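A structural walkthrough
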Amino acid sequence: MTLTDISSIATAISAVAILVSLIFVNIQVRQAEKYQRASIQQGRAARTADIAMRLMDPDFAEVHFRCMRGDANITAAELRQFLGYCRASFLGAEDSFFQHEESLLDEKAYVSFISSAKVLLMYPGMRVMWQMTRDWYGPEFTAFMDALASGAVRQPPIDQLAQWKKAVMVEIDRCNKAV
């Protein structure tokens, strides 16, 4: 075997090694992207759950209920509480918006985010708070939220307690008929 033959074999082995390395790096990059997306989704879920858990405080739950419905008879402290809730909600929305813009948030999560935002913007208090604070955000997000707010279904606030009681009675009736 000549030196040229050995050189050719070494070159071929190097090429195969580089190809294997590139395949391995590609797998690692894809895996890292999956983990990054999962981390982003987990962060969104944690942020949303935290906001929802704060509604379990009885005092704030009442303030939230009254403010969302647009009750004009609230105190300055109650308005400050509601402003904090809305600020957290809007910052979360802004984060989801920009993550989607950067292709870090997939379409399913983005559609879910938009659906949630539209429901929140159905409530008069949330729309008013958006109008009061919209200048706190960048122009792209502001235009996006303005479009959502202007397209939001405007209806009287939903009486969730009455809705719950009616649905529970229907379910109990179904259970009783099944026995």
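Scroll up for the structure.
Summarised in this report is the structure supplied together with it. As the structure is a prediction and not an experimental result, all values here were calculated from the model. (Residues numbered from 1 in each chain as written. Predicted model: local features only at pLDDT ≥ 70, side-chain atom pairs only at ≥ 80, totals over all residues. Heavy atoms only, no water.)

1. Focus on the pattern of salt bridges
All chains considered together, the criterion is met by 6 salt bridges. When the shortest N-O distance is used, the salt bridge between Arg66 and Asp71 registers 3.1 Å. Measuring nitrogen to oxygen at the nearest pair gives 3.6 Å for the salt bridge that ties Arg134 to Asp135. Several salt bridges converge on common partners, so that one network encompasses Arg66, Asp71 and Glu78. (Salt bridge = Lys/Arg side-chain N within 4 Å of Asp/Glu carboxyl O.)

2. With respect to the nonpolar core
Grouped burial of nonpolar side chains is what soluble globular proteins tend to show. With 30 residues, the main nonpolar core has Tyr85, Phe90, Met126, Phe141, Phe144 and Met145 as its most contacted residues. It is helix H3 (residues 76–101) that provides the largest number of residues to this core, a total of 7 residues. Sequence-distant contacts of Phe144, defined by excluding residues within four places in its chain, comprise Phe97, Tyr110, Phe113 and Ile114. (Core = buried A, V, L, I, M, F, W, Y, C linked by side-chain atoms within 4.5 Å. Buried < 20%, exposed > 50% of the residue type's maximum accessible area, 1.4 Å probe, protein only. Helix = DSSP H or I, 4+ residues; strand = E, 2+ residues; numbered from the N terminus. Contact = heavy atoms within 4.5 Å.)

3. A short note on the packing of aromatic side chains
On inspection of all chains with the given rule, the structure shows 14 aromatic pairs. Ring centres 5.2 Å apart and planes at 80° place the aromatic pair Phe90 and Trp130 in the edge-to-face group. Of this pair, Phe90 sits in helix H3 while Trp130 sits in helix H5 (residues 124–133), placing them 40 residues apart in sequence. The exposure class assigned to Phe90 is buried, which follows from its relative accessible area of 3%. Trp130 gets classed as buried once you look at its relative accessible area, which sits at 0%. When the centroid spacing of 5.8 Å and the interplanar angle of 90° are considered together, the rings of Trp130 and Phe141 count as edge-to-face. With Trp130 in helix H5 and Phe141 in helix H6 (residues 139–151), the pair connects residues that are 11 residues apart, well separated along the chain. (Phe/Tyr/Trp six-rings, centres within 6.5 Å; stacked < 30°, edge-to-face > 60°.)

4. Digging into the packing of H3 against helix H4 (residues 107–120)
Between H3 and H4, the shortest axis-to-axis distance is 10 Å and the interhelical angle comes to 150°. Looking at the two axes, H3 sits roughly antiparallel to H4. When you trace H3 past H4, the crossing you get is left-handed. On the side of H3, the interface is formed by Tyr85, Ala93, Ser96, Phe97 and His100, while H4 contributes Glu107, Tyr110, Phe113 and Leu120. Each residue belonging to the contact of H3 with H4 can be placed in one class, and the counts come to 6 nonpolar, 2 polar and 1 charged. (Axes fitted to C-alpha atoms, helices over the stretch in contact; angles between N-to-C directions. Parallel < 35°, antiparallel > 145°, perpendicular 65-115°, else oblique. Left-handed = near helix turned anticlockwise from the far one by under 90°. Nonpolar A, V, L, I, M, F, W, Y, C, P; charged D, E, K, R; others polar.)

5. Structural notes on unusual backbone geometry
Not every positive phi belongs to a glycine, and Ser103 is a case in point at roughly 60°. Its place among the elements puts Ser103 in the loop between H3 and H4. You can call Ser103 partly exposed: its relative accessible area is 48%.

6. Points about the side chain of Arg127
On the secondary structure map, Arg127 appears in helix H5. Despite being buried, Arg127 has no salt bridge partner; Asp146 is the closest side chain of opposite charge, sitting 11 Å away. With sequence-adjacent residues up to four places away left out, Arg127 is seen in contact with Leu121, Met122, Ala149, Val153 and Arg154. (Lys, Arg positive; Asp, Glu negative; His and termini not counted.)

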